[in-house]
Amino acid sequence: MSTPATTDRAPTDQPPADRPVKPPPSIGTVVGLLVFAAISVYAAIGIEFTLRPLWEDVNRGREIVARYFDPNWAILTRPAVREGFLETLYIAIIATLVGCLIALVCAMLASKVSAPNTPVYRITKFVLSVLRSLPDLAWGLLFVAFVVNPQLSGVLALTMFNIGIVAKLTSESIDAVERGPIEAVEAAGGSRFQRGRYAVLPQVAPNYLSYCFYVFEINIRASAVLGMIGAGGIGTVINILVSRLQHEDLAAVVYALVVVVFILDQASRAVRRRLT
Amino acid sequence: MIEFRDVSVTYPNGTKALDGVDLTIPDGQFVVVVGLSGAGKSTLVRTINGIVPATGGELLVDGAPVAAANRRQLRRLRSQVGMIFQSFNLVNRTTVMNNVLTGRLHSAGFLRSMFGWFSGADKEVAFDALERVGILEKAYVRASQLSGGQQQRVAIARGLAQQPRIMLADEPVASLDPPTADAVMRDLQRINRELGITTVVNLHFLDLARRYGDRIIGMRAGKVVFDGTGAEADDAVFESIYGRSLTAEDVVEKKAGPVA
Ligand SMILES: Nc1ncnc2c1ncn2[C@@H]1O[C@H](COP(=O)(O)OP(=O)(O)O)[C@@H](O)[C@H]1O
Ligand SMILES: [Mg+2]
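Not measured: the values here are computed from a predicted model. (Residues numbered from 1 in each chain as written. Chains lettered and ligands numbered in written order. Predicted model: local features only at pLDDT ≥ 70, side-chain atom pairs only at ≥ 80, totals over all residues. Heavy atoms only, no water.)

Draft legend 1. Focus on the overall build of chain B. Each helix and strand counted, chain B has nine helices and ten strands in total. Taken over C-alpha atoms, the radius of gyration comes to 18 Å for chain B, in line with the 18 Å a tight globule of 260 residues would show. Its C-alpha atoms put chain B at 55 × 45 × 35 Å along the principal axes. Counting all 260 residues of chain B, 53% fall into the buried class. Residue pairs in contact within chain B that sit at least 24 positions apart in sequence constitute 70% of those at least 6 positions apart. In the structure as shown, chain B presents an accessible area of about 11300 Å², 50% of it carried by carbon and sulfur atoms. (Helix = DSSP H or I, 4+ residues; strand = E, 2+ residues; numbered from the N terminus. Rg over C-alpha atoms; globule rule 2.2 N^0.38 Å. Buried < 20%, exposed > 50% of the residue type's maximum accessible area, 1.4 Å probe, protein only. Contact = heavy atoms within 4.5 Å. Areas by Shrake-Rupley, 256 points an atom, 1.4 Å probe, with all protein chains shown as cover.)

In structure tokens form, the structure reads like this:
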């Protein structure tokens, strides 16, 4: 490191007395931290949280853990497993496509800039917040119960989930577009729809596409999980392997899933970086 | 023909922007509207295409009352009135051609406009408009890559692509440097002469107003306080319109010398 400019000052020198003193942390921060700690302790007692099983059961678990280090790669060549992976991918792709298309329309209705009138704007905002209040698993349970075809229930669950996210993010991008081009299309005799299509959409397209790729990444993971509650895809295979205690097979499938998700994530992220 | 009969505009917040305006603009005229900022120039041109509704009096465009138009009739009226803005109002992320084709939207149906399938005839109208303002070769360049003067020419081409009978321009050269401002005004004048499009231009530079206006309309506090030819609009007239003595800010060419 470089030496300080004032080398004539001995290192033991006190700093000049006029330096400002760091103010004490605000009361709000202290109170907030105390409350947070109190809630954590209370919650831990409430669920009887303890780390004891981690070391008490370590010997019991050791044998199973060892089997995870010896994955049975051969299972990946089985048609059922390969189809499971493909199904997860298809479910994610279809849900992304359908969800994002519907989300675009919802986003246009959910921004004051592009909504035809205030009631439509209010209603759309409300419906979207209801959609978002259910997590993907809840949508999954709902559609698995009502739809016979497991793959379709997966697609529907993720579609609903995607609409909520993408419509919200996109409508916020629409709020921030330049108004000039909208006035220009209006002055040229354009309809409300044409204003959205030719003045708003080109301005938000990069953001919107980036959100679509973002939910695609979420969908791959979520689709694998949804399979475990019966919504098709690789999750179904994982479920069966868990119940049969086939740990070596399960390990291979899980490792493969991690790799697939990682690769698709990176690819999708690379696309998103180029968009914005 | 544009006829203002005692037209007033009061904005929802109570600001009276136009106050009893009486004006008749015959077909093919090149009218320059001058006045200080806040005088009501922007409001005046925006009432012509109904973007700002007149709250009093009657405004007729080609004999049809603007206030009585329903949404479809208003769109048809607007399709016959091109508009140019100070800040160009282009979609920067897309191509020049797509911006110009915006001028053809009024004749495109729902499906065509949804997928952007413009007919060959529409594209030809757009190319022709670009050719008239001399930037045909920029058709497939992104709008954001053009200079200010070129962007304003794209905006003019967008207006021309509507094949309008009237062209409105709200301070079209206020964001441009003096030589470019003059060139853009020349384009507007040439289009007015060649195609006979009635043109109403808001300006606040008095030298440009005199040079290009067949007719100059002076506005102050929402009222028309002068209506005459460029020759009649001497410095005294401008001082009365502005309500103050003239300054170097009032001309586009800051240097002394003969005005071309
Ligand atoms: N949308 C609006 N809402 C309320 N007042 C407005 C609005 N637009 C303009 N005004 C007011 O109307 C008056 C005339 O404005 P404007 O027509 O823009 O004048 P100019 O173009 O000559 O500067 C000003 O006092 C301005 O503040
Ligand atoms: Mg103005």
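Draft legend 2. Main features of the site of ligand 1. Residue and element names in this part refer to chain B. Taken together, Y11, N13, T15, A17, L36, S37, G38, A39, G40, K41, S42 and T43 make up the full set of residues adjacent to ligand 1. At a separation of 3.5 Å, a nitrogen atom of ligand 1 approaches a polar side-chain atom of Y11. Residue T43 places a side-chain N or O atom 2.4 Å away from an oxygen atom belonging to ligand 1. Protein chains shield 63% of the accessible area of ligand 1, which is 560 Å² for the free molecule. For the shell around ligand 1, the element with the most residues is helix α1 (residues 41–48), which contributes three residues. Tallied by class, the residues present in the shell around ligand 1 amount to four nonpolar, seven polar and one charged. (Near = heavy atom within 4 Å. Polar contact = N/O pair within 3.5 Å; in protein donor to acceptor, adjacent residues only side chain to side chain. Nonpolar A, V, L, I, M, F, W, Y, C, P; charged D, E, K, R; others polar.)

Draft legend 3. Layout of the confidence of the model for chain B. Residue-level pLDDT values for chain B average 93, and 97% of them are 70 or greater. In this model, residues 256–260 of chain B is a region of pLDDT below 50 whose contacts with residues beyond four sequence positions or in other chains number two contacts. (pLDDT = per-residue confidence, 0-100.)

Draft legend 4. Fine view of the pattern of salt bridges. Residues and elements named next belong to chain B. Taken as a whole and assessed by the stated rule, the structure comprises 29 salt bridges over all chains. D27 is the salt-bridge partner of R165, the closest N and O atoms lying 3.8 Å from each other. Of the two residues, R165 sits in the loop between α6 (148–161) and β7 (166–170) while D27 sits in the loop between β2 (16–25) and β3 (30–34), which places them 138 residues apart along the sequence. Among the residues examined, R165 registers a relative accessible area of 39% and is labelled partly exposed. Where E194 meets R190, a salt bridge forms, and the shortest distance between an N and an O atom there is 3.8 Å. Taken together, the residues span about one helical turn, with E194 and R190 both in helix α7 (residues 178–195) at a distance of four residues. Taking the relative accessible area as the measure of exposure, E194 reaches 45% and is therefore partly exposed. The exposure class assigned to R190 is partly exposed, which follows from its relative accessible area of 30%. A network of salt bridges, in which partner residues are shared, links D128, R132, R153, D187, R190 and E194. (Salt bridge = Lys/Arg side-chain N within 4 Å of Asp/Glu carboxyl O.)

Draft legend 5. Examining the sheet that holds strand β10 (residues 223–228) of chain B more closely. Residues and elements named next belong to chain B. Spatial ordering of the open sheet is given by β6-β7-β8-β3-β9-β10, a layout of six strands whose pairing is mixed. Edge positions in the open sheet fall to β6 (81–84) and β10, since each of these has one partner strand only. Each strand axis lies, on average, 20° off the axis of its neighbour in the sheet, ignoring direction. Relative to strand β9 (residues 215–220), β3 runs parallel, the two being bridged by four bridges. Bridge assignment links V33 to a residue of β9, and that residue is I217. α7 rests against β3, β6, β7 and β8 (198–202) of the sheet, and its axis sits at about 140° to β3. (Pairing = 2+ DSSP bridges. Axes fitted to C-alpha atoms, helices over the stretch in contact; angles between N-to-C directions.)

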